[in-house]
Amino acid sequence: MIQEQELIAKITAQVIAQMQQGQAAAVPEHYGVFDSIDGAVAAARKAYQSLRALPLEKREQLVGAMRKTAYDHAEIMAEMAVTESGMGRYSDKVIKNRTAALKTPGTEDLKTRAWSGDCGLTLVEMGPYGVIGAITPTTNPTETLICNGIGMIAAGNAVFFSPHPTAKNTSIWTIQLLNKALVEAGGPPNLLTTVYNPSIAVANAMMKHPDVNMLVATGGPGVVKAVLSSGKKAIGAGAGNPPAVVDETADLEKAAKDIVAGCSFDNNLPCIAEKEVIAVGSIADRLMDYMVRNGAYKITPQQTAELVNLLLTVKEEKMAEGCTAKTKRTYGINKDYVGKSAQCILSKIGVTVKDDIRVILCEAEADHPFVLEELMMPVLPVVQVKDVDAAIELAVRVEHGNRHTAVMHSKNVDHLTRMARAIDTTIFVKNAPSYAGIGVGGEGYCTFTIAGPTGEGLTSPRSFTRARRCVLVDGFSIV
Ligand code: NAD
């Protein structure tokens, strides 16, 4: 065990040193990484054709090889992602990588449907698309590559990845690592491909490439809109702003612990992480007390105002003639603080806290920008409302119709049902941290591509397939 840890520390140091010198930390040979998008897509097409010729059993072995190498290198990938992107928390990224490796479904997810009767036998089988163009975010770089890589190959496809440029080296290294494992397990080379210099221009060229059959975008609203406007079959996994509602029947101490844990997971980077709390007034103070006892640091209204100036950018837009208000204020996020720790953010307003502080807690009104914007920082506003109905109504409003993720802490089944129906999110977590919704401490498989806008939900291999019907008349039926 100690030897293994020493080895990991040594490789991590080497990889990070290479990255700091501006080099892509290289696995020997190109292993799926090309100079041009044309070269990469052509190689992926060839790999797809070779994969099609292999039996399903072999495909599952290849998935197993990806799982093992991703699991074994979870620490290095986490270290690289934090170092390169400057975002997130190493220990949580290790958990995310390992969960993606172990709990992303494989070929067993591809279920054939059959009808048999007087006319014979009809099958609907799930077949691959071909080459998938997949866009990955900087917030979850390696876990999305692992999860998409396993799911898309299990479905029989090859992939061209367009990773976020701010996690370029980490993503390239991960693609090489997974490809190496695939080749060593007897798979074709270049099942997963990318280019040495990913950029938005590359993502756009990929969307138009005639040999890319399907697109999958995991990211913010801009990229989801771009793939949905491409004219190709596309899956869009977009932004969230998950509210956590707490009513008067909740186990408050547990709710507080769960919310702090979910909100601070990877410094709030996950799209599913609690972004605001809406609490019934009668229990709000006790809930906040428990949060403070369990890793939250409560700031004053003055400090909240200082954080607004630090963490947000403000734009005043002129309103059209005839509007009552002359200007409209819109907010953006100061990207320098996305995925930074509570200590780091607090230090910028002169507050020093220990390592065990994971969340910055503040009280806010319903229309506060910290409530309305997807910060992706461990800053958690708490809004007090008069009762559970007001809480549900506000939660629906601040979720902005993303239909992504919501959390509720309540012991009342009617309240839970009411909120689930009203908010209608892809993931609804009851009495647990948000990450239970992607299989971390909750039942069910894992994904890091949650497709609310296009409706696939928590994507899995079957999301990356085409349904084909095969009909045989007057045969193969013994009914
Ligand atoms: P981002 O939208 O800035 O970037 C995502 C990817 O899209 C990157 O690879 C980027 O290069 C590319 N991109 C961005 N704009 C583009 C455009 N106009 N045309 C082509 N490509 C474009 O997002 P990010 O900061 O990397 O990730 C955070 C966002 O992603 C958050 O909004 C978060 O909620 C969302 N997200 C959603 C899911 C999900 O499963 N629904 C998972 C992770 C992240």
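With respect to the helices and strands, the residue Ile-272 is situated in the loop between helix 10 (252-264) and strand 10 (276-280). Placed 32 residues apart in sequence, Ile-272 and Gly-240 show a C-alpha to C-alpha distance of 6.7 Å.

Moving on, we come to the pattern of salt bridges. With the rule as written, the count across this model stands at 18 salt bridges. Notably, a salt bridge pairs Lys-96 with Glu-143, separated by 3.0 Å at the nearest N-O pair. You can see Lys-96 sitting in helix 5 (residues 90-103) and its partner Glu-143 sitting in helix 6 (residues 141-154), a full 47 residues away along the chain. Considered together, Lys-96 and Glu-143 belong to a single accessibility category, that of buried residues. Each member of the salt-bridge network shares a partner with another, and the members are Lys-93, Lys-96, Glu-143 and Asp-266.

Taken in spatial order, the seven strands make up an open sheet running 11-14-15-10-9-16-17, and their pairing is parallel. Since the sheet does not close on itself, it has two edges, and those belong to strand 11 (296-298) and strand 17 (427-430), each with one partner. Strand-to-strand twist across the sheet, computed as the mean angle between neighbouring axes with direction ignored, equals 25°. Relative to strand 15 (residues 379-385), strand 14 (residues 359-363) runs parallel, the two sharing four bridges. Looking across to strand 15, one finds that Glu-363 is bridged to Val-382.

Attention now moves to the nonpolar core. A general trend in soluble globular proteins is that nonpolar side chains are found buried together. If you look at the biggest cluster of nonpolar residues, it comprises 93 residues, and the most contacted ones within it are Leu-192, Val-246, Val-277, Leu-287 and Met-291. With eight residues, the top contributor of residues to this core is helix 2 (residues 37-52). In this structure, this core is formed jointly by two domains, domain 1 (2-238 + 458-473) and domain 2 (243-443), each of which donates at least three residues. Here Val-277 is in contact with Ala-244, Val-246, Ile-259, Leu-287, Met-291, Leu-380, Pro-381, Val-382 and Val-383, once residues within four sequence places are set aside. If you look at the next biggest cluster of nonpolar residues, it comprises 24 residues, including Leu-269, Ala-342, Val-351 and Val-379.

With that out of the way, let us pick up the domain arrangement of the protein chain. By the assigned domains, the protein chain splits into domain 1 (2-238 + 458-473) and domain 2 (243-443). When each unit is reduced to the centre of its C-alpha atoms, the spacing between domain 1 and domain 2 is 31 Å. Listed by partner, the interface residues are 15 residues for domain 1 and 19 residues for domain 2. When domain 1 packs against domain 2, close to 1,300 Å² is buried across both sides, 52% of that on carbon and sulfur atoms. Of all residues in domain 1, Arg-89, Asp-92 and Leu-458 give up the largest surface area on contact with domain 2, accounting jointly for 36% of the area buried on that side. In this structure, the connection of domain 1 to domain 2 is made through three salt bridges. As a salt-bridge pair, Arg-358 and Asp-92 come within 3.1 Å of each other at their nearest N and O atoms. Across the domain 1-domain 2 interface, the total number found is 12 residue pairs in polar contact (both at pLDDT 80 or more).

On to the pairing of strand 3 (residues 120-128). Two strands pair when backbone bridges link them, and strand 2 (residues 113-117) and strand 3 are joined in this way by five bridges, in the antiparallel orientation. Paired with Trp-115 across the bridge in strand 3 is Thr-122. The turn joining strand 2 and strand 3, which pair antiparallel and follow one another in sequence, is formed by two residues. Looking at chain direction, strand 3 and strand 20 (residues 465-473) are connected through nine bridges and run antiparallel. Across the sheet, residue Leu-121 finds its bridge partner in strand 20, namely Leu-472.

Here we take up the site of the ligand. Close contacts around the ligand come from 29 residues, with Thr-136, Thr-138, Gly-238, Glu-374 and Ile-450 the closest. The separation between an oxygen atom of the ligand and a polar main-chain atom of Gly-219 is 3.3 Å. Between Ile-450 and the ligand, the recorded distance is 2.6 Å, taken from a backbone N or O atom to an oxygen atom. Considering the ligand on its own, with 830 Å² of exposed area, one finds that the protein chains cover 88% of that surface. It is helix 8 (residues 200-208) that contributes the most residues to the shell around the ligand, four residues altogether. A breakdown of the residues in the shell around the ligand according to their chemical character gives 14 nonpolar, 14 polar and one charged. Among the domains, domain 1 (2-238 + 458-473) and domain 2 (243-443) are the pair contributing at least three residues each to the shell around the ligand.

Thresholds applied
- Residues numbered from 1 in each chain as written.
- Predicted model: local features only at pLDDT ≥ 70, side-chain atom pairs only at ≥ 80, totals over all residues.
- Heavy atoms only, no water.
- Helix = DSSP H or I, 4+ residues; strand = E, 2+ residues; numbered from the N terminus.
- Salt bridge = Lys/Arg side-chain N within 4 Å of Asp/Glu carboxyl O.
- Buried < 20%, exposed > 50% of the residue type's maximum accessible area, 1.4 Å probe, protein only.
- Pairing = 2+ DSSP bridges.
- Axes fitted to C-alpha atoms, helices over the stretch in contact; angles between N-to-C directions.
- Core = buried A, V, L, I, M, F, W, Y, C linked by side-chain atoms within 4.5 Å.
- Domains from an automatic or database assignment.
- Contact = heavy atoms within 4.5 Å.
- Buried area = accessible area lost by both parts, 1.4 Å probe.
- Polar contact = N/O pair within 3.5 Å; in protein donor to acceptor, adjacent residues only side chain to side chain.
- Near = heavy atom within 4 Å.
- Areas by Shrake-Rupley, 256 points an atom, 1.4 Å probe, with all protein chains shown as cover.
- Nonpolar A, V, L, I, M, F, W, Y, C, P; charged D, E, K, R; others polar.

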